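Residue-level structural notes
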Amino acid sequence: MNKQYFRFFIQRLKNLYHLFEAILANFFYRFPSKKIKIIGITGTDGKTTTTQLIAHILRGNRKKVSYISTINANITGKNYDTGFHITTPSSFVIQKFIKQAVDNQDEYFILETTSHGLDQNRVWGIRFEIGVLTNITHEHLDYHLNYLNYIKTKSKLLKMAKVAIVNKDDLSYQYIKNEKFKKKITYGKLKIINEINGLTEFNKYNYSAAYVVCKQLGLADQQIIQAIKTFKLPKGRFEIVYDQDFKVIIDFAHTPNAFEKLLPEVKKLVKKNSRLIHIFGCAGLRDFTKREKMGRISSLYSDYIILTEEDYRTESLKEICNQIAQGIKNCRYQIVDNRYEAIKKGIMMANKGDILLITGKGHERSLARGKKEYPWDEFRAVKKIIKNIKRNDFI
């Protein structure tokens, strides 16, 4: 038995512990999901935007809503940090938050639901009114071993829900279209969403998913579209943080699919005779098979690439960057280990009209180096570097 399959077996044993914990949590908080409508959002990319957009639309129509997303939990109007690199918290935290929402007489609770959370039974006992699948692309194959296992795990949410809402344009649909769900609704890029100005192509799917959910919950077209027009993307999602002589864009993209969707959109913004400079890395102790693909995709659109750290943990940072670099074709690149120094390098080499794209960390507030978490703020780093450059203040 190789190491990967041994880890897979050990994880199955751990999942029994998580199931026991979930059962205790449900009984302790008296199965609160029975008293509120739970909307689960799963998918490789787009979960956070879809989650927060649904909450925004519902609140814009005077509905009481709480949610848990990658960025934060917002429970009865109060923000909570969900922890480092965590999307779906432990069963006790989830049930506690649902109970608080019920006590507040909230009508809806939106739960961003990862494949890990589903596989580890952290959402056991939750009564899902609606389950949404945004997409299933290359990610977490270190954990699930292969794409089909990944699909089966994601599909658990759809089978648990009274209504399954599925992206029919995604590759995964061909694998699940014949699965039996209580009720299935499919969606693609909706015409009504196409009419909203300024949306990137990949966000049209997230907005379409949110639209279908809200229609299922009884809202009218005008109510949904009116609310959508006032929505701002979550922190670190296609966020332009500097736009003067050159642009700096921060995005959470950290999968091959996210690169394939994001980079062409950024490339459209690059003016003639200007460059797209891309700064990114890949997480350590995570799916290593995606690294070369991400290097290849970036090199298709970037004019210059700077590879750097992105939570390398106990893996060799040099080896991670070299694996990414194996996919880079016909594009100049360099490796700058320290993320702050990598961003400084990118900013200092940016000319008028260039776009500097920094991906992988987005909203996150720490960097995992070795076995420790170090404070990190991508936005603050960019602002500090640009401020120092203007002061000609570098040592």
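Preceding this section is the structure that the text describes.
This text gives an overview of the structure that appears in the document.

What to know about the overall build of the chain
- Helices and strands together make up the secondary structure of the chain, namely 15 helices and 16 strands.
- For the chain, whose C-alpha radius of gyration is 21 Å, the value lies close to the compact-globule estimate of 21 Å for 395 residues.
- Its C-alpha atoms give the chain principal-axis dimensions of about 60 × 55 × 40 Å.
- Relative to its full complement of 395 residues, the chain shows a buried share of 57%.
- Within the chain, contacts between residues separated by at least 24 positions form 72% of all contacts whose residues are at least 6 apart in sequence.
- Surface exposure of the chain reaches about 18,600 Å², of which carbon and sulfur atoms provide 50%.
- Across the chain, the mean location of the 68 positive side-chain charges is 4 Å away from that of the 39 negative side-chain charges.

Here we look at the pattern of salt bridges
- For the structure on display, the rule yields 20 salt bridges.
- The partner of Lys162 in a salt bridge is Glu129, with the nearest N and O atoms 3.4 Å apart. On the criterion of sequence distance, the pair formed by Lys162 in the loop between helix 6 (147-160) and strand 7 (163-167) and Glu129 in strand 6 (residues 128-133) is long-range, its members being 33 residues apart.
- By relative accessible area, which is 22% here, Glu129 ends up partly exposed.
- With its nearest N and O atoms 3.0 Å apart, the salt bridge here joins Asp354 to Arg275. Taken as a pair, Asp354 in the loop between helix 14 (339-349) and strand 14 (355-359) and Arg275 in the loop between helix 11 (256-269) and strand 11 (276-280) lie far apart in primary sequence, 79 residues in all.
- Accessibility expressed as a relative area gives 2% for Asp354, which makes it buried.

Brief notes about the packing of aromatic side chains
- According to the stated counting rule, one finds 10 aromatic pairs in the structure shown.
- Taken together, a centroid distance of 5.0 Å and an interplanar angle of 50° make the contact between Tyr242 and Phe246 tilted. Each member of the pair, Tyr242 together with Phe246, is buried.
- Positioned above the aromatic ring of Phe379, the side-chain terminus of Lys235 is 3.6 Å from the ring centre.
- A cation over an aromatic ring shows up here: Arg369 above the ring of Tyr374, its NZ or CZ 5.5 Å from the ring centre.

A short note on the packing of helix 12 (residues 291-301) against helix 13 (residues 317-325)
- At their nearest, the axes of helix 12 and helix 13 sit 6 Å apart, and the two run at 55° to each other. When the axes of helix 12 and helix 13 are compared, the pair comes out oblique. For the pair formed by helix 12 and helix 13, the contact residues are Arg291, Glu292 and Gly295 on the first element and Ile320, Gln323 and Ile324 on the second.
- Across the contact of helix 12 with helix 13, the residue classes tally to 2 nonpolar, 2 polar and 2 charged.

Side note on the side chain of Thr48
- Assignment of secondary structure puts Thr48 in helix 2 (residues 47-60).
- With a relative accessible area of 4%, Thr48 lands in the buried category.
- Residues within four places of Thr48 in sequence aside, it is in contact with Ser69, Thr70, Ile71, Glu112, Pro234 and Arg237.

A look at the nonpolar core
- Formed by 35 residues in total, the largest nonpolar core has its most connected members in Ile39, Ile54, Ile57, Leu58, Ile110, Ile165 and Ile228.
- Here this core takes 8 residues from helix 9 (residues 201-216), the largest share from any one element.
- When neighbours within four sequence positions are excluded, Leu58 is seen to be in contact with Lys63, Val65, Tyr108, Ile110, Cys214, Leu217 and Leu219.
- Val266, Phe280, Met294 and Ile305 belong to the second-largest nonpolar core, a separate cluster that totals 26 residues.

Brief notes about the sheet that holds strand 1 (residues 37-42)
- The mixed open sheet is built from 8 strands, whose spatial order is 4-3-2-5-1-6-7-8. Pairing within the sheet leaves two strands with one partner each, and these edge strands are strand 4 (78-80) and strand 8 (184-187). Put simply, the sheet's adjacent strands are angled 20° from each other on average, direction ignored.
- Here 5 bridges tie strand 1 to strand 5 (residues 108-112), and the two strands are oriented parallel to one another. Bridged to Ile39 within strand 5 is Ile110.
- Relative to strand 2 (residues 65-68), helix 2 is tilted by about 170°, and along the sheet it contacts strand 1, strand 2, strand 3 (73-75) and strand 5.
- Running over the sheet, helix 6 touches strand 1, strand 6 and strand 7 and is turned about 145° from strand 6.

So, unusual backbone geometry
- For Arg62, which is not a glycine, the phi torsion comes out positive at approximately 60°.
- Following the sequence through the fold, Arg62 ends up in the loop between helix 2 and strand 2.

Conventions we followed
Residues numbered from 1 in each chain as written. Predicted model: local features only at pLDDT ≥ 70, side-chain atom pairs only at ≥ 80, totals over all residues. Heavy atoms only, no water. Helix = DSSP H or I, 4+ residues; strand = E, 2+ residues; numbered from the N terminus. Rg over C-alpha atoms; globule rule 2.2 N^0.38 Å. Buried < 20%, exposed > 50% of the residue type's maximum accessible area, 1.4 Å probe, protein only. Contact = heavy atoms within 4.5 Å. Areas by Shrake-Rupley, 256 points an atom, 1.4 Å probe, with all protein chains shown as cover. Lys, Arg positive; Asp, Glu negative; His and termini not counted. Charge placed at Lys NZ, Arg CZ, Asp CG, Glu CD. Salt bridge = Lys/Arg side-chain N within 4 Å of Asp/Glu carboxyl O. Phe/Tyr/Trp six-rings, centres within 6.5 Å; stacked < 30°, edge-to-face > 60°. Lys NZ or Arg CZ within 6 Å of the ring centre and 35° of its normal. Axes fitted to C-alpha atoms, helices over the stretch in contact; angles between N-to-C directions. Parallel < 35°, antiparallel > 145°, perpendicular 65-115°, else oblique. Nonpolar A, V, L, I, M, F, W, Y, C, P; charged D, E, K, R; others polar. Core = buried A, V, L, I, M, F, W, Y, C linked by side-chain atoms within 4.5 Å. Pairing = 2+ DSSP bridges.

All we've got here are geometric facts, nothing functional implied.
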